[in-house]
Structures are given as structure tokens and as C-alpha cells.
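Geometric and topological summary
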There are 2 protein chains.
Amino acid sequence: MKKLVIIGGGFAGVNLARALRKTPDVDITLVDKNNYNFFPPLLYQVATGFLEPSNISYPFRKLFTHQKNIRFRMGTLERIDANNNRVILSNGELDYDYLVLATGTVSNDFGMASIRKNALHMKTIDDAIEIRNTMLQRIEEATLIPDPEARNPYKTIVIAGGGPTGVEIAGMLAEMRKNVFHKDYPEFKGTAIRICLIDAAPVLLTPMSQKAQHYTRETLTKMGVEVMLNVQVKDYNNDKVMLSDGTVIETKILVWAAGVTSSIFNGIPESSIDRGRRMRVNPFQLVDGTTNIFAIGDTCLMLSDPKFPNGHPQVAQVALQQGKNLAHNLKAFFKNQPMKKPFRYYDKGSMAIIGRMKATADIPKPKWNMTGFAAWMMWLFIHLFFLISYRNRVLTMYNWTVSYFTKDQALRMIIRPKESPE
Amino acid sequence: MKKLVIIGGGFAGVNLARALRKTPDVDITLVDKNNYNFFPPLLYQVATGFLEPSNISYPFRKLFTHQKNIRFRMGTLERIDANNNRVILSNGELDYDYLVLATGTVSNDFGMASIRKNALHMKTIDDAIEIRNTMLQRIEEATLIPDPEARNPYKTIVIAGGGPTGVEIAGMLAEMRKNVFHKDYPEFKGTAIRICLIDAAPVLLTPMSQKAQHYTRETLTKMGVEVMLNVQVKDYNNDKVMLSDGTVIETKILVWAAGVTSSIFNGIPESSIDRGRRMRVNPFQLVDGTTNIFAIGDTCLMLSDPKFPNGHPQVAQVALQQGKNLAHNLKAFFKNQPMKKPFRYYDKGSMAIIGRMKATADIPKPKWNMTGFAAWMMWLFIHLFFLISYRNRVLTMYNWTVSYFTKDQALRMIIRPKESPE
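As the structure is a prediction and not an experimental result, all values here were calculated from the model. (Residues numbered from 1 in each chain as written. Chains lettered and ligands numbered in written order. Predicted model: local features only at pLDDT ≥ 70, side-chain atom pairs only at ≥ 80, totals over all residues.)

With that settled, the discussion passes to the overall build of chain A. When helices and strands are tallied, chain A shows 11 helices and 25 strands. Residue burial in chain A is summarised as follows: out of 422 residues, 48% are buried. Considering only intrachain contacts with a sequence separation of at least 6, the fraction spanning at least 24 residues in chain A is 62%. (Helix = DSSP H or I, 4+ residues; strand = E, 2+ residues; numbered from the N terminus. Buried ≥ 20, exposed ≤ 12 C-beta atoms within 10 Å, placed from the backbone. Contact = placed C-beta atoms within 7 Å.)

Here the focus is the interface of chain B and chain A. If you look at the interface, chain B gives 42 residues, while chain A gives 42 residues. Among the secondary structure elements, those contributing two or more residues to the side of chain B that touches chain A are strand S4 (57–59), helix H3 (60–63), helix H5 (125–143), helix H7 (164–184) and helix H11 (390–406) of chain B. The element contributing the most residues to the side of chain B that touches chain A is H5 of chain B, with nine residues. A per-class count over the side of chain B that touches chain A returns 18 nonpolar, 12 polar and 12 charged. (Nonpolar A, V, L, I, M, F, W, Y, C, P; charged D, E, K, R; others polar.)

Residues and elements named next belong to chain B. Here we have three strands laid out as an open sheet, ordered S6-S7-S8, and antiparallel in their pairing. Taken across any chain shown, the strands that pair with only one partner, and hence form the sheet edges, are strand S6 (77–81) and strand S8 (92–95). Along the sheet, successive strands turn relative to each other by an average axial angle of 20°, direction set aside. With four bridges connecting them, S6 and strand S7 (residues 86–89) associate as antiparallel partners. (Pairing = 2+ DSSP bridges. Axes fitted to C-alpha atoms, helices over the stretch in contact; angles between N-to-C directions.)

Moving on: the pairing of strand S13 (residues 194–198) of chain A. In summary, the side chains of a regular strand alternate between the two faces of the sheet. Residue and element names in this part refer to chain A. When you tally the buried positions in S13, you get four out of five residues, the bulk of the element. Pairing between strand S12 (residues 156–160) and S13: five bridges, direction parallel. The residue bridging Val158 from the neighbouring strand is Cys196, located in S13. Chirality of the crossover, the property in question, places the unit of S13, helix H8 (residues 210–222) and strand S14 (residues 226–228) among those that are right-handed. (Right-handed = clockwise from strand over helix to strand, strands pointing away.)

All names here are of chain A. Parsing chain A into structural domains produces domain 1 (2–105 + 262–334) and domain 2 (109–258). For domain 1 and domain 2, the distance between their C-alpha centres works out to 32 Å. At the interface, 10 residues of domain 1 touch 13 residues of domain 2. Take the side of domain 1 that touches domain 2: its biggest share by element is four residues, from helix H2 (residues 43–47). Residues belonging to the side of domain 1 that touches domain 2 are distributed by class as follows: seven nonpolar, three polar and no charged. (Domains from an automatic or database assignment.)

Let us look at the confidence of the model for chain A. When the pLDDT values of chain A are averaged, the result is 92; 98% of them are 70 or greater. As a predicted assembly, this complex carries a pTM of 0.92 together with an ipTM value of 0.88. (pLDDT = per-residue confidence, 0-100.)

In screw terms, the move from chain B to chain A is a rotation of 180° and a rise of 0.0 Å along the axis, fitting with an RMSD of 0.0 Å. Such a combination of turn and shift is consistent with a two-fold rotation axis. In this assembly the copies share their binding face: 100% of the residues contributing to the interface of chain B also contribute to that of chain A. (Least-squares fit on C-alpha atoms with pLDDT ≥ 70 in both.)

What follows is about the environment of Lys234 of chain A. Residue and element names in this part refer to chain A. Here Lys234 is to be found in strand S15 (residues 233–237). Assessed through the 15 C-beta atoms surrounding it within 10 Å, Lys234 is described here as partly exposed. Put simply, Lys234 and Ile115 are 119 residues apart on the chain and 8.9 Å apart in space, counted from C-alpha to C-alpha. Those residues in contact with Lys234 that sit more than four places away from it in its chain are Met242, Leu243 and Ser244.

Residue and element names in this part refer to chain A. Helix length check: H8, at 13 residues, gives a terminal C-alpha distance of 18 Å against a target of 18 Å (1.5 Å per residue), a fit within 8%. Taken together, the buried positions of H8 are Ala212, Gln213, Tyr215, Thr216, Arg217, Thr219 and Leu220. With its phi angle positive at about 95°, Gly224 sits one or two positions after the end of H8. (Expected span 1.5 Å × (residues − 1).)

With that settled, the discussion passes to the sheet that holds strand S13 (residues 194–198) of chain B. All names here are of chain B. Across the sheet, five strands lie side by side as S11-S18-S12-S13-S14; this open sheet has parallel pairing. The sheet is open, and its two borders are formed by strand S11 (120–121) and strand S14 (226–228), each paired with just one other strand. Bridge analysis of S13 against S14 gives three bridges, and the strand direction is parallel. Within S14, the residue paired with Ile198 across the bridge is Met228. The strands that H7 touches are strand S12 (156–160), S13 and strand S18 (253–256); relative to S13, the one it contacts most, it runs at about 165°.

Note on soluble globular proteins: their nonpolar side chains tend to be buried together. By size, the foremost hydrophobic cluster in this structure holds 241 residues, and its most contacted members are Val255 of chain A together with Val100 of chain B. Not counting residues up to four positions away in its chain, the partners in contact with Val100 of chain B are Leu4, Ile6, Ile7, Leu16, Phe294, Ile296 and Leu326 of chain B. (Core = buried A, V, L, I, M, F, W, Y, C linked by C-beta atoms within 7 Å.)

Let us look at helix H1 (residues 11–19) of chain B. The buried fraction of H1 of chain B is high, at seven of nine residues. Listing the buried residues of H1 of chain B in full gives Phe11, Ala12, Gly13, Val14, Asn15, Leu16 and Ala17 of chain B.

Let's shift gears to the environment of Arg277 of chain B. All names here are of chain B. With respect to the helices and strands, the residue Arg277 is situated in the loop between strand S19 (260–261) and strand S20 (279–281). Look at Arg277 and you get partly exposed, because 16 C-beta atoms sit within 10 Å. Spatially, the C-alpha atom of Arg277 lies 6.4 Å from that of Thr261, the residues being 16 residues apart in sequence. When residues no more than four places from it in sequence are discounted, the contact partners of Arg277 are Thr261, Ser262 and Ile264.

Glancing now at the packing of helix H1 (residues 11–19) of chain A against helix H9 (residues 316–334) of chain A. Helix-helix packing is characterised by the crossing angle of the two axes and by the distance between the axes. All names here are of chain A. Where H1 contacts H9, the axes come no closer than 7 Å and their chain directions differ by 30°. Taken together, the axes of H1 and H9 lie roughly parallel to each other. The crossing of H1 and H9 is right-handed. Facing H1, whose interface residues are Phe11, Ala12, Gly13, Asn15, Leu16 and Ala19, H9 presents Ala316, Ala319, Leu320, Gln322, Gly323, Lys324, Leu326 and Ala327. Looking at the contact of H1 with H9 residue by residue, the class counts come to nine nonpolar, four polar and one charged. (Parallel < 35°, antiparallel > 145°, perpendicular 65-115°, else oblique. Left-handed = near helix turned anticlockwise from the far one by under 90°.)

Right, let's get into unusual backbone geometry. All names here are of chain A. Positive phi is not limited to glycine here, since Asn85 has a value of about 50°. When you line up the elements, Asn85 lands in the loop between strand S6 (77–81) and strand S7 (86–89). Asn85 gets classed as partly exposed once you count the C-beta atoms within 10 Å, which come to 17.

Attention now moves to the environment of Gly297 of chain A. Residue and element names in this part refer to chain A. Along the chain, the position of Gly297 falls in the loop between strand S21 (293–295) and strand S22 (300–302). For Gly297 and Ile125, which are 172 residues apart along the polypeptide, the C-alpha to C-alpha distance reads 19 Å. With residues up to four places along the chain from it excluded, the contact list for Gly297 reads Gly10, Phe11, Ala12, Ala102, Gly104, Ala319 and Gln322.

Now the structure itself:
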């Protein structure tokens, strides 16, 4: 019986585990720091109160109820003892014959302590709920301040990062400002919240087509979002965001979606750590310099795919396809046969939603860009389809339908359970 | 324009506010420490993962969107400056002409510091999520302990209090143990969680009929709950629950539903504080010794209702009816006319759910007790009906229907947002 340990239950890890469900003679342990899988592309809808955490997450133990060759282990990877084929977790150790790192990425603060400490990050469900709570709390506080000048930092929202996450949060907040805010907060009598979206690049949605970039910028600007390009956040202290061009924005709410980086684990050859701290892998996902440690998803960098000589984009589709492809190769590897199928990414296109009935999509074949209502409908259906369970699909569809017709979202409760007693 | 300040947005406060929606010449401020109303009778379903917080809660600002004479204020009452008709909140002050205290109750630890500190209380949505998180976390931890003896405290759940909350949690956990636990935790290979329900009285559900009490005890025992009566919890330290008969139960999870008490506010005449720290009120809810301060719901004690000479039970129906009745009287009072309608409680009966298709209900007219499937159906429909919004009803019904058919509940995610940055 081969022991396979998978660290991380995101798109890559879960798709690998599921694709091995009928493989005998393998004993899989999936390790994750949370007891649930979740769907990051819809995280921003949790942050803005359109969806519940439970609409986009699912407990691992329930997910694997009927898969007999897997067990779930809640824990955090601390280091790898590669000589002894052992991983050291926050709460114990596990032996492996094969190790797969599907550890994704973490928020990148580019070494700025003030960002790490004071900004709201946007990588986990806990983060998203924290953003929702903080925004609601700050706006409640704003209602108590009579001086409009002093009130401004409480109702100015700065979003750093013009990728899909930043664009989608900005768009969603602009819709809320239009349809919810003035009804909920008569105290402000028409003075609105301010939404700023900042990126260091000259365009939004850098990897997408020019048409998509142009549409996105124009649409957000029309919706009243202040789009600031070619400028970086340098510091965030005392409620002041400092930009590289000298601008200062006073705000109590800085959402940080400006970049990601990988976690490095002791025990992985330093020589394999590449751009963005990603682990360089061969065409079969084997980490350079190792014989039984694989890396898949956002945390790996593969330079051997002919169409992607600089590596793949860090998106869900790559992670999902790598998980499935590795499962195929491992089945041979378990029998000491050579792995036969080098990974090739099949790009199904990319898309971003900007607002109510506004979205943009790049379709690779035939090379084509869609915008507006049709792209929006496509976005909704594709995202519904990829949710992990029937339950999540039904509840998400219900929440979306109600939001669509009422132009409202109901999840505006500030809920803060305490820290766990130790 | 009369200024009415209502402290507390539970059944009593919200029903008062809504009943005044067409009353001109009154300027209402509703103060609550949360930004949402919630439905306490279903709190235990949040604690056990059958319902989401959002299924039983609703933001105040959304609730009052169309009511022009009310504004919401998030804050906590600290004291009352009765001489100047002013309340001092955690975050500011408010002037009033009339003040209504609808502050409900808090968990009663009977002066035991160890309970206050180490037990899981069960009064708020935050509490319920905390219970859900802690139970899941403890059972995950149990999977890592190979010694069954050492593992026991992690999977023993003690519930103090045999009222509806304690009975309902115990029953729900027993159902989960039967239908979910063995599938989710193959690690335990049949060794089950232990559920103990403790009450100082000789019966469960003290205020209900003997038939209901008997049925409840028998049903819970059959479901494998250890019901311990005539015994009190004396201490809870170092994971040990000490009982008054000398028994010691080792557990990491003590749910405290053993009693409630009222909050006392500086500025209320001490002479009006009565049994259970409730404020004594006249038939029109006016607090003894005051001329413009009212109390309604669980926090007040009225001794003038002929059928309830010792005061009303602290239940939702009383609070709701008192809120509506006070609205009626205030309309006259605002015009300096005498209040005409002394409060009379109309008892619609009481009920408790014990498990899947198992419930009990006392119907007052004709005096009658129902048990089993019919009582269970009635319980479900009545609770659905009383949920505050269409949205909450639909989502609760969906969650219940899925749980019923799958014998499962999906909400098993441990989600812990951080404390707010200050």
C-alpha cells in the first residue's frame, strides 16, 4: 500500500484526490489548515455580502464520505523531512511514500509591515468575512460622526490591485452604493462612499485582451469608481494610504488584492525555488531535485509547456487540470511504471464580472472577446457549474436571483465569534 | 415631535417599533449592540450546523428601510441619566422623551467565575457559531489522539440546563451522532461521542405538562442522551465538570443553557429590581418609580396580569405581545391621553423539538398535549411562519428539507474571522 500525502485542498489537491478515487493500493491523506474546501473565484461575493461562506465552501469530510482510500487531516504544514519521507505538521507528523504540495499562494505584502498589519487581505473565507464585518462596522461608525470631513476616512474604500479580485470587489461595491447604500444610511443624505481602485500597471486585468481591459476601465469609471493606474501603494499607517506619486488617501479600509506569493517549506531544495517563490517542476509536476515530491497548482512553476514557456498563469483552470493530469501519471508511478503524460494546459479563456449585467470574457478559440450581458450570463453559468456540490449551486443561484430582482443583498450582519478557548 | 428611544431589537423591541410605523409625530431610535435582529428559538440549529446565521437573522437597516419614523443606532447601553432624559451608550448619547428597555436577558453563571470563563454560552449568534466551531475543532483534535481514554474529554459534550435550549441541542446532537458522525469520522471506528444533559430540577422542561416532560426524558434517553436530573454543576475547571452529587465528568465542551438573568442599568430605581433582576412594571409596562421609562419582554416582571400573578414566563410570545400592546398604549400617551389597555398575556401554548419527527407541544385550549410526528410538523410550520422575512423562510425551509431527506447537515465549516483592527 503506497502512502500519498496531499498538502492543500484547493482546486489542485481536491481534483487530484478525486481522480484517484478508484485507484486501489493507495492510502491518501489530504491535509488542510481548514476543515473545508472553498471556491476562491466567488470569495469577493462573500466579502461584499452577496453570498454566505457556506454557499461557496464544503466540509472535506463530507466531500470524501464515499471515497474509501482517503482520510482527512486538519493541520498546517511546517516543514518536510525529505530524508525520512516525513512531513511535520502543526499538530503531528505523517509518513509518506509520495508527497504532493498543492499549497496555493498567500497574500503578498511586498515586505511592507504596515500592509501586513493594517490592510484587509483577501485570500481566505476568514478574510472575506473580516472584510464584510469591517466595512459594515466602519460605515456604522461613520453615521455617528457629524463632521463630513472627519467622516470621510470611514466611508472611503481603497482597493489595491487591478486583477479580477480587485475589479470584481470595486464593481460590486459600486452597485451596492447605487442600490443599497442610500436606502440603508439615510444619515448621509446623499453624500456617498468613495471607491478607489489602484494598480501599478498601466491597465486593469493585465493578462486579458486590450478590449477587455478597455471595457473594464470604462465601465468601472462610469460606475463611479476612481481608477488610479501606474501607481503603487507604498505605505498604510494612521489611516493614510501613501501612493508612489505622492498622493495620500485617508481611509480606514484598505483591501489588499495586489499580489500573491508562495509559501516556502524547509526541506524543499532551495535551487528549485523560482519566480514568485514558486517551486520549479518537470513536465510531470516533480519538484526539481526531488524524486517523490510533486507540486501542483499556483505554487508550482512549469517551464516545459510549449505554449507557456514562461510558466502558466496562477488560475483555477491550471490547478484543476494539473491535479487531474498528475492523478493519471501517479497511477503508473505507483506501479513503478514511467509517467507518460506531460502536462499541457488547455486554456478555456478568462473572464471577469464588473457589475450588474456587465462582464467581459476572452475566448481563446476562435480568438474573441465578449462584453456586456452575454458575458455576464456566461460568467454566472460557468461559476454555478463549477461549484462543488448541488447544495452550493442551489443556494448560490437563490441568492443571486434574489439579488438580481431586488437589486439588494441581504447579508449585512456583523458576526464575530470569539477566538477559541485554549 | 416626541423622541422615543428603544433599547434592544429582539421580539419585544422590534414588534413595538413596527406597530408604531404609521404613528406620526414620533421620532424613534432603535439601539442594539448588533446590526441585526435574530430569532433565538432557532439558535440551537445554528450551534449544531443545520442553519446558517443568515437564515435566522436580518439587518435592522434593511428591516426598517420603508419605515420613515425610525432610525437605527448600533451601540450598547451603559447607563441612564433619568433626570436629564438621556441614555449614555458605549459610543455616544441620546436624548429621549420616552425610553423603552427591551434588553432581554443574558446567560446566568450564578456567580461561578469558572463557568463564565470556560463554558460555552448560548444567547447570541456569536455564541452559537462559537459552539459550532468549538465542537468541530475538538472532534478534529480527538482524531489525532490514539489513546481512547485520553480522547474522551474531546468527544464528551455536557449540556447544563434542561429547558428547551438544552433539550433541543441534546436531541440534535444525538441525531448527528447517529447519522453523520460515524460517516465523517471513520477514525473512531464506532466509539461514539458522549452526550450528557444536566438539570437541577427533577424533570426536563419544567414549565411544560407532565406528559411532555415524561415523553421528552424517555425520547432523549432512547436516543442515547445521558439525562442527569436533581443535580447541579458546581464548577468547571481543567476540563472537569464537578456536579453537586460528587460526580466528575471530563470534557472539553460544556454548553451552558442553565439559566438567564437581566442586565441592571444605572439610573433605574433599585426598588424596581425584582426576582431574576427583572424590572417590575405596572400593567402598562411603566417601570415602578418612573414616569417615562418602560420595560418590555424578558427583562420586565409584571405581577398584575390576573392569570399570571407571579409574572409571565420569559418566552418569545410574551415579548411580542407586550411590544404590540405597548405600541397601542403609547399612541394615546403621546397625545397626553391616559393609557387604556393593561397587558394581558394570551398563552398560545409551548413546544419543544427533540429529534427527527419527535416533538412535544402543550396546547392550552382545550388543555391538551401532542407528541411525535404531528407535534414535530406543527413545530416546523410555526417556526417557519415566525421567521422575520420571506428570504429567511425560504432558506430555512431549504436547509430543513435537505437535512430531512439526507439525514445530514452541511454546515460543518470552522470559520473564525479575526477581531477587528482598531
